[in-house]
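Topology and contacts: notes
If you want the building blocks of each chain, they are given just below.
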Amino acid sequence: MTEPFPLGPALWAATAPPPPATAPLTESGRADVVVIGGGFCGLSTALHLAEAGLKPVLLEAREIGFGGSGRNGGQVIPGLKHDPDELVAMFGPERGERLAAFGAGTADAVFDLIDRHRMDVPRTRTGWIQGAHTDEGLAQAERRAEQWARRGAPTRLLDKAEADRLIGSERYRGGWLDGRGGAVQPLAYARGLAKAALAAGAVLHTDTPVAGLSRRGTTWTVRTGRGPSLTTERVVLCTNGYSGDLWPRLRQTIIAANSFQVATVPLSDNLRRTVLPEGQVSSDTRKLLLYFRLDHTGRLLLGGRGPFREPRGAADWAHLERIVPKLFPQLAGIDFDHRWCGRVAVTRDYLPHLHAPEPGLLIDIGCQGRGVGLQTRMGQAIARFVARDDADALPVAPSPITPLPLHGLHRLYAAAVVAWYRLQDGGL
Ligand SMILES: Cc1cc2nc3c(=O)[nH]c(=O)nc-3n(C[C@H](O)[C@H](O)[C@H](O)COP(=O)(O)OP(=O)(O)OC[C@H]3O[C@@H](n4cnc5c(N)ncnc54)[C@H](O)[C@@H]3O)c2cc1C
């Protein structure tokens with residue numbers, strides 16, 4: 001696995017409770033289900049399988065939350081990338097509404113689990129604001145707020161004055177507020193899920209990369225890079241943006257784009273009162289969207305696109321540091337003390353994908369940068385599917401593994417798309 005730079009966000013590691021004690025797999029054995037990947041999806045799957053009475057064993061190559069789950073912005077945003085009416089147009093009224101309802105419940109899934117398992121996770125739940133950066137963005141915001149309100153969600157449209165006040169920036173023409181959204185300290189949440197899964201009876205092994213998967217009849221052998229292997233009837237693969245070559249062609253079904261983030265030093269009380277003063281989290285309607293929020297230490301975190309390659313040094317975050325005072329002139333001259341990045345798995349249709357290429361194997365991939373809620377809820381659905389053999393539990397039907405055309409050239413292709421989007425988004 002290529003080593004991302006820096007290894008992980010020191011900010012989250014410094015402000016999360018310690019991880020539960022876990023160790024590598026040292027002996028071969030048998031498991032009811034083997035779950036591969038210790039992010040939100042794998043952990044939620046293992047937790048819910050254990051709660052259903054099975055004995056899952058989760059194998060993580062590095063540490064709990066090593067992937068996107070320990071690197072993200074911690075914004076808990078309900079819904080999928082597609083608006084509910086769009087899903088209905090794509091899948092018809094029944095399947096489309098079912099998928100919209102699945103997306104609607106993703107934020108609840110996170111906050112319910114945190115409460116139910118009394119996880120030690122810094123969190124807020126005062127909503128998500130999507131700021132509109134153009135008139136077209138504003139029209140989109142109106143449509144979204146209306147579509148969700150029609151389905152009973154607590155949304156409201158924000159005029160320019162209210163958006164200025166709630167965001168603390170005059171850069172937006174307005175926007176909408178979705179009261180279901182909120183924020184979590186993501187690594188604390190990943191570790192909280194791990195502790196809950198262990199308490200429910202799941203077994204977790206870290207520093208245990210899976211090196212091979214093979215099947216004979218109904219029995220799978222999961223071979224680890226350390227030597228020992230597990231046999232099982234069922235395997236769930238949740239490696240998402242950190243997927244390697246474990247399953248043929250899987251990695252070629254996504255663009256694993258790096259998302260970059262910076263964090264300022266903690267703001268003074270006076271400044272805190274001027275940036276997202278009511279504690280909402282926010283992202284905007286740009287195609288290359290910017291996302292930002294205050295964390296529980298009073299830092300402003302801002303994230304967005306960066307170079308497609310792995311970063312080489314602090315200069316790769318400089319564009320985000322320049323944006324902060326443009327959005328928030330009151331923060332001109334502020335220092336930044338954390339910079340990090342991680343991979344977001346984007347599929348061609350911007351939908352989460354499930355694949356069942358062979359009996360007993362289920363693969364989840366593609367979170368489009370909305371994985372805190374989505375992957376938590378996906379884990380619940382996968383566990384129900386596996387434990388009860390209930391195909392209706394899955395929000396999307398398993399589809400064939402279809403690599404993106406010319407995936408080998410995706411860096412070039414992505415660079416061209418990014419340049420085009422940047423032009424459309426206008427400057428900042
Ligand atoms: C910088 C950044 C900001 C983001 N911001 C947000 C946000 O604010 N809100 C939001 O909802 N989403 C956000 N996301 C997306 C979100 O973090 C992800 O969607 C989510 O964490 C994915 O969870 P996962 O469990 O599917 O995968 P991951 O958390 O990526 O976990 C996959 C795991 O699989 C492991 N693995 C890989 N190969 C193997 C192997 N062979 N054997 C064993 N283990 C293996 C990896 O080590 C990794 O830990 C962001 C993502 C990034 C990178």
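Right, let's walk through the structure included here. Every value quoted in this text rests on a predicted model; they were computed, and no experiment measured them. (Residues numbered from 1 in each chain as written. Predicted model: local features only at pLDDT ≥ 70, side-chain atom pairs only at ≥ 80, totals over all residues. Heavy atoms only, no water.)

1. Topic: the overall build of the protein
Note the cut-off: Secondary structure elements are taken from DSSP: a helix is a run of H or I of four residues or more, a strand is a run of E of two residues or more, and numbering for both begins at the N terminus. The quantity called the radius of gyration is restricted to C-alpha atoms. Its globule counterpart is 2.2 Å times the number of residues to the power 0.38. A simple rule labels every residue: compare its accessible area, found with a 1.4 Å probe on the protein chains alone, to the largest value its type can have, and call it buried under 20%, exposed over 50%, or partly exposed in between. Accessible areas in this description were obtained via Shrake-Rupley with a 1.4 Å probe; residue shielding takes into account the shown protein chains only.
A count of helices and strands for the protein gives 11 helices and 21 strands. For 428 residues, the compact-globule formula gives about 22 Å, and the C-alpha radius of gyration of the protein, at 21 Å, lands near that figure. A principal-axis box enclosing the C-alpha atoms of the protein has dimensions of 65 × 45 × 45 Å. Buried positions account for 54% of the 428 residues belonging to the protein. Counting every atom, the protein has about 17500 Å² of accessible surface; 53% of that belongs to carbon and sulfur.

2. Re the site of the ligand
In plain terms, the rule: One heavy atom within 4 Å of a molecule or strand makes the whole residue count as near it. Counting of polar contacts relies on pairs of N or O atoms within 3.5 Å, with two restrictions inside protein: one atom must be capable of donating a hydrogen and the other of accepting it, and residues adjacent in sequence are counted only when both atoms are side-chain atoms. Ten residue types, Ala, Val, Leu, Ile, Met, Phe, Trp, Tyr, Cys and Pro, are classed as nonpolar, four, Asp, Glu, Lys and Arg, as charged, and the remainder, Gly among them, as polar.
In the region of the ligand, 38 residues are neighbours, and Glu-60, Ser-69, Gln-75, Asn-240 and Cys-367 sit closest. Residue Gly-68 places a main-chain N or O atom 2.9 Å away from an oxygen atom belonging to the ligand. Measuring from a nitrogen atom of the ligand, one finds a backbone N or O atom of Gly-73 at 3.0 Å. Among the elements of the structure, α2 (40-51), β15 (254-264), β19 (336-347) and α10 (371-388) are those that each provide at least two residues to the shell around the ligand. Here the residues of the shell around the ligand are counted per class, giving 15 nonpolar, 19 polar and 4 charged.

3. What to know about the sheet that holds strand β7 (residues 155-158)
Where we set the bar: Any two strands with at least two DSSP bridges between them are considered paired. Angles run from 0 to 180 degrees between N-to-C directions of axes, and those axes are lines fitted to C-alpha atoms, restricted for helices to the stretch in contact. Contacts are assigned to residue pairs that have any heavy atoms within 4.5 Å of one another.
Strand order in the open sheet formed by 8 strands is β7-β8-β6-β16-β17-β18-β15-β19, and the pairing between neighbours is mixed. With one partner strand each, in any of the chains shown, β7 and β19 form the two edges of the open sheet. Across this sheet, the average inter-strand angle for adjacent strands is 20°, counted without regard to direction. Lying over the sheet, helix α5 (residues 135-150) contacts β6 (128-132), β7 and β8 (174-178), oriented at roughly 25° with respect to β8.

4. Side note on the state of the cysteines
Let me state the cut-off plainly: What counts as a disulfide here is a pair of cysteine sulfur atoms lying within 2.5 Å.
Enumeration over the complete set of coordinates arrives at 0 disulfides. No disulfide involves Cys-41; its sulfur sits 3.6 Å from the nearest other cysteine sulfur, which is in Cys-238. Note on Cys-41: relative accessible area 4%, which makes it buried.

5. Regarding the packing of aromatic side chains
Put simply, the test is: Two aromatic rings, drawn from Phe, Tyr or Trp (for Trp, its six-membered ring), form a pair once their centres lie within 6.5 Å of each other, and the interplanar angle then sorts them: stacked below 30 degrees, edge-to-face above 60, tilted otherwise.
For the coordinates displayed, the defined rule picks out 7 aromatic pairs. Between the aromatic rings of Phe-66 and Tyr-242, the centroid separation amounts to 6.1 Å while the plane-to-plane angle is 75°, which identifies the pairing as edge-to-face. Placement of Phe-66 in the loop between β3 (56-59) and β4 (75-76) and of Tyr-242 in the loop between β14 (234-237) and β15 is noted, with a sequence separation of 176 residues between them. When the ring of Trp-128 is compared with that of Trp-176, the centres are 5.5 Å apart and the planes differ by 75°; the resulting orientation is edge-to-face. One end of the pair, Trp-128, is in strand β6; the other, Trp-176, is in strand β8, with 48 residues separating them in the sequence. Here Trp-128 matches Trp-176 in class, with each residue buried.

6. Some points on the packing of α2 against helix α7 (residues 186-200)
Note the threshold: Small angles under 35 degrees read as roughly parallel and large ones over 145 as roughly antiparallel, with 65 to 115 read as roughly perpendicular and the rest as oblique. In this scheme the handedness of a crossing depends on how the near helix is turned from the far one: anticlockwise by less than a right angle means left-handed, clockwise means right-handed.
The interhelical angle for the contact between α2 and α7, taken along N-to-C directions, is 25°, at an axis separation of 8 Å. Of the possible angle classes, the one that applies to α2 and α7 is roughly parallel. In the packing of α2 onto α7, the handedness of the crossing is left-handed. Residue-level contacts link Phe-40, Leu-43, Ala-46, Leu-47, Ala-50 and Glu-51 of α2 to Pro-186, Tyr-189, Ala-190, Leu-193, Ala-194, Ala-196, Ala-197 and Ala-200 of α7.

7. Comments concerning the side chain of Asp-316
Among the secondary structure elements, Asp-316 is positioned in the loop between β18 (300-305) and α9 (318-327). Given the relative accessible area of 11%, Asp-316 is considered buried. With near-sequence residues (within four places) excluded, Asp-316 lies in contact with Phe-260, Pro-307, Arg-309 and Pro-311.

8. A word on helix α6 (residues 160-168)
Taken residue by residue, α6 has Ala-163, Asp-164, Leu-166, Ile-167 and Gly-168 as its buried positions. Tucked inside the fold, the buried residues of α6 contact β6, β7, β8, β16 (281-284), β17 (291-294) and α9.

9. Points about α7
Selection rule: In this analysis, the expected span of each helix is defined as 1.5 Å times one less than the number of residues it contains.
In a regular helix each residue adds 1.5 Å, so 15 residues correspond to 21 Å; α7 covers 21 Å between its end C-alpha atoms and thus fits that length. Most of α7 sits inside the fold, with 11 of its 15 residues counted as buried. For α7, every residue scored as buried is listed here: Pro-186, Leu-187, Ala-188, Tyr-189, Ala-190, Arg-191, Gly-192, Leu-193, Ala-194, Ala-196 and Ala-197. The distance from a side-chain oxygen at the start of α7 to the backbone nitrogen of Leu-187 is 2.9 Å, and the residue carrying that oxygen is Gln-185. Of the residues flanking the end of α7, it is Gly-201, one or two places downstream, whose phi is positive at about 115°.

10. Here's the deal with unusual backbone geometry
Phi at Arg-118 takes a positive value of approximately 45°, unusual for a residue other than glycine. By the element assignment, Arg-118 lies in the loop between α4 (106-116) and β5 (123-124). When its relative accessible area of 77% is taken as the criterion, Arg-118 is described as exposed. Positive phi, normally seen in glycine, also occurs at Asn-240, with a value near 45°. Positionally, Asn-240 belongs in the loop between β14 and β15.

Treat this as a map of the structure, not an account of what it does.
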